[in-house]
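# Descriptive structure summary
The primary structure of each chain is shown beneath.
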Amino acid sequence: MTPLTETGSLGSSGALVAAILIGFAFGWFLERGGLGSAPKLAGQFYVTDLTVFKVMFSALVTAMLGAFWLDRLGVLRLDLVYLPETFVVPQALGGVLFGADFLVAGLCPGTSCVAAAAGRRDGLGVMIGMLIGVWLFNLTFDRIASMYSATPLGAVRLTDLAGVTPGVGVAVVTALALAGFAVANRIERRRA
Amino acid sequence: MNRTPRPYIDPYLAGIGIGVVLLAAYVVVGQGLGASGAFASVVASGTAVVQGATRAAASPAVAPYLPHGIASPLQDWLVFELAGVMLGGFTSAWLAGRLRRDVERGSGVGVRQRMSAAVGGGALMGVGAKFARGCTSGQALSGGALLSVGSWIFIASCFAAGYVLAPAARRLWR
């Protein structure tokens, strides 16, 4: 039964070793797919390069289906996997700020590390910016704390909100992603 | 080093690879991937070094990242994971002949402008990630695959803002 750390099969130092291996594989696939290149990522917003969409949603659907079926098969207890809490307004505003500056920076936090590791100084610049931003957030936290913790919904899934079973939710998201991939491929064929 | 870099792999293949890695994270450690949290951990530790651990831990924004005092990043899963990301990214770029000291940018901007945009954009992105409780990795991917409501709010608002503002930022990426 898994998660291994939750069922006591893996201790904290074992988890740190796993962290490096898992991170290595994550960074490897990000770089292999071209996600360490800022102009390529920015192309998503100009519909000239749809790599970000394709990588992100194929990863999301793969993990979603895997987690759903491993839970069904009794291998993984999905209720023990950490589900982030929802805060509607701060997450919507945070998303707007993040999306706008992903466009300006050309890299997100994870891909900035890949870019920097491959020698791109702009990647290092984004990493330094991230540190500054988090520091500024901490510095002004007293004044923004009420906004930060506004509109809490707790740890909640789309399927809870819609009142449907997890199976229906997984099927709908998979269907939408496949439709999105078809549209993305058609856009690229038209441009070619 | 190769003169001509090898081409990137198919994006769907890269995505499936990342999806399997994310699934492995769920199975092994019961949590998803992340990036911005590691930055928060490093900043908290830096604050503790400058201000002293007691004063730093008095801030409710910093305290959660200091469960083991100043040395907390050395026991933080996300910090190790992100170190792994850099190692993996380096190794992949090296083997593909893509290691290059360079500043990647649109043809319409100089190095200084690009670096300012990277640092400034990175800073505001850091603030955004704090409000969102995660970034593209921790929130969009890891929470999104669990169908977390907040993750999908983040995905929608993030893409919407990017597309709405893209024409205004055209000069950066032309």
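Counting from 1, residues in each chain are numbered in the order their sequence is written. All chains are assigned letters beginning with A, and all ligands numbers beginning with 1, in the order in which they are written. Local features are withheld for residues below a pLDDT of 70 in this predicted model, meaning they are given only at 70 or higher, and side-chain atom pairs are given and counted only at 80 or more; totals for whole chains, interfaces and linings count all residues.

### Section: the overall build of chain A
Tallying secondary structure elements over chain A gives 9 helices and 2 strands in all. Considering chain A as a whole, with its 192 residues, one finds that 49% of them fall into the buried category. Considering only intrachain contacts with a sequence separation of at least 6, the fraction spanning at least 24 residues in chain A is 62%. Numbering of helices and strands runs from the N terminus; a helix is a DSSP stretch of H or I covering at least four residues, while a strand is a stretch of E covering at least two. Whether a residue is buried, exposed or partly exposed is read from the other C-beta atoms within 10 Å of its own C-beta, which are placed from the backbone; 20 or more gives buried, 12 or fewer gives exposed, and intermediate counts give partly exposed. Remark: residues whose backbone-derived C-beta atoms lie within 7 Å of one another are considered to be in contact.

### Regarding the overall build of chain B
Along chain B, the regular secondary structure elements total 8 helices and 0 strands. Written out in order from the N terminus, the α and β elements of chain B read α-α-α-α-α-α-α-α. Across its three principal directions, the C-alpha atoms of chain B cover 50 × 40 × 40 Å. Of all 174 residues assigned to chain B, the portion counted as buried reaches 59%. Pairs at least 24 apart in sequence give 57% of the contacts found in chain B among residues at least 6 apart.

### Some details on unusual backbone geometry
In most cases, non-glycine residues show a negative phi, while peptide bonds are predominantly trans. With an omega of 5°, the peptide bond between T2 of chain A and P3 of chain A qualifies as cis. A positive phi angle is found at R133 of chain B, which is not glycine, with a value near 65°. With respect to the helices and strands, R133 of chain B occurs in the loop between α5 (111-132) and α6 (136-141). A positive phi angle, close to 60°, is found at L147 of chain B, a residue other than glycine. Mapped onto the secondary structure, L147 of chain B falls in the loop between α6 and α7 (149-165). You can call L147 of chain B buried: it has 25 C-beta atoms within 10 Å.

### Thoughts on the interface of chain A and chain B
When the parts come together, some accessible area is lost, and that loss is often what is quoted as the size of the interface. The partner chain B presents 108 residues to the 108 residues of chain A that form the contact. Ten residue types, Ala, Val, Leu, Ile, Met, Phe, Trp, Tyr, Cys and Pro, are classed as nonpolar, four, Asp, Glu, Lys and Arg, as charged, and the remainder, Gly among them, as polar. Among the residues making up the side of chain A that touches chain B, the classes are represented as 72 nonpolar, 26 polar and 10 charged.

### Quick notes on the packing of helix α3 (residues 51-72) of chain A against helix α9 (residues 166-191) of chain A
All names here are of chain A. Helix axes are fitted to C-alpha atoms over the stretch in contact, other axes to C-alpha atoms as well, and angles between N-to-C directions run from 0 to 180 degrees. Running from amino to carboxyl end, α3 crosses α9 at an angle of 155°, the nearest separation of the two axes being 10 Å. In this view, α3 runs roughly antiparallel relative to α9, as classed from their interaxial angle. As for how α3 packs across α9, the hand of that crossing is left-handed. Counting all contacts with α3, which are made through F53, K54, F57, V61, M64, L65 and F68, the residues of α9 involved are P166, V170, V173, T174, A177, G180, F181 and A184. Looking at the contact of α3 with α9 residue by residue, the class counts come to 12 nonpolar, 2 polar and 1 charged. An angle below 35 degrees is read as roughly parallel, one above 145 as roughly antiparallel, one from 65 to 115 as roughly perpendicular, and any other as oblique. Crossing handedness is defined as follows: a turn of the near helix away from the far one that is anticlockwise and smaller than a right angle gives a left-handed crossing, while the clockwise case is right-handed.

### As for the environment of T151 of chain A
All names here are of chain A. Following the sequence through the fold, T151 ends up in the loop between α7 (141-148) and β2 (152-154). Exposure remark for T151: the 13 C-beta atoms within 10 Å place this residue in the partly exposed category. C-alpha of T151 to C-alpha of F87: the two residues are 64 residues apart in sequence and 5.3 Å apart in space. The residues touching T151, leaving out its near neighbours within four places in the chain, are F87, V88 and V89.

### Quick word on helix α4 (residues 88-105) of chain A
All names here are of chain A. By this rule the span expected of a helix is its residue count minus one, scaled by 1.5 Å. Taking 1.5 Å of rise per residue, 18 residues should cover 26 Å, and α4 covers 25 Å from first to last C-alpha, within 8% of that figure. For α4, the tally of buried residues reaches 16 of 18 residues, placing the bulk of the element in the interior. G106 sits one or two positions beyond α4 and adopts a positive phi of about 80°.

### Digging into the packing of α3 of chain A against helix α1 (residues 11-29) of chain B
Orientation of α3 of chain A relative to α1 of chain B, taken along the N-to-C sense of each, is 40°, at an axis distance of 7 Å. Judged on the interaxial angle alone, α1 of chain B and α3 of chain A are oblique. α3 of chain A and α1 of chain B meet at a crossing whose hand is right-handed. Considered class by class, the residues forming the contact of α3 of chain A with α1 of chain B number 18 nonpolar, 6 polar and 1 charged.

### As for the confidence of the model for chain B
Confidence scores labelled pLDDT are given residue by residue by the predictor and lie between 0 and 100. With 98% of its residues at a pLDDT of 70 or more, chain B has an overall mean of 95. As scored by the predictor, the complex reaches a pTM of 0.96 and an ipTM of 0.96.

### What to know about the environment of L139 of chain A
Relative to the helices and strands, L139 of chain A is located in helix α6 (residues 121-139). With 13 C-beta atoms packed within 10 Å, L139 of chain A lands in the partly exposed category.

### Some remarks on the environment of G144 of chain B
Mapped onto the fold, G144 of chain B is located in the loop between α6 and α7. Since 27 C-beta atoms lie within 10 Å of it, G144 of chain B is described here as buried. A sequence separation of 11 residues divides G144 of chain B from I155 of chain B, and the C-alpha atoms of the two residues are 8.1 Å apart. In contact with G144 of chain B, not counting residues within four places along its chain, are L60 of chain A together with S151, W152 and I155 of chain B.

### Quick look at helix α2 (residues 36-51) of chain B
Residues and elements named next belong to chain B. Between its first and last C-alpha, α2 extends 22 Å over 16 residues, near the 22 Å set by a 1.5 Å rise per residue. Of all 16 residues making up α2, 12 are buried, and the element is well covered by its neighbours. All of the buried residues along α2 are S36, G37, A38, F39, A40, S41, V42, V43, A44, S45, T47 and A48. Looking one or two residues past α2, G52 carries a phi angle of roughly 90°, positive in sign.

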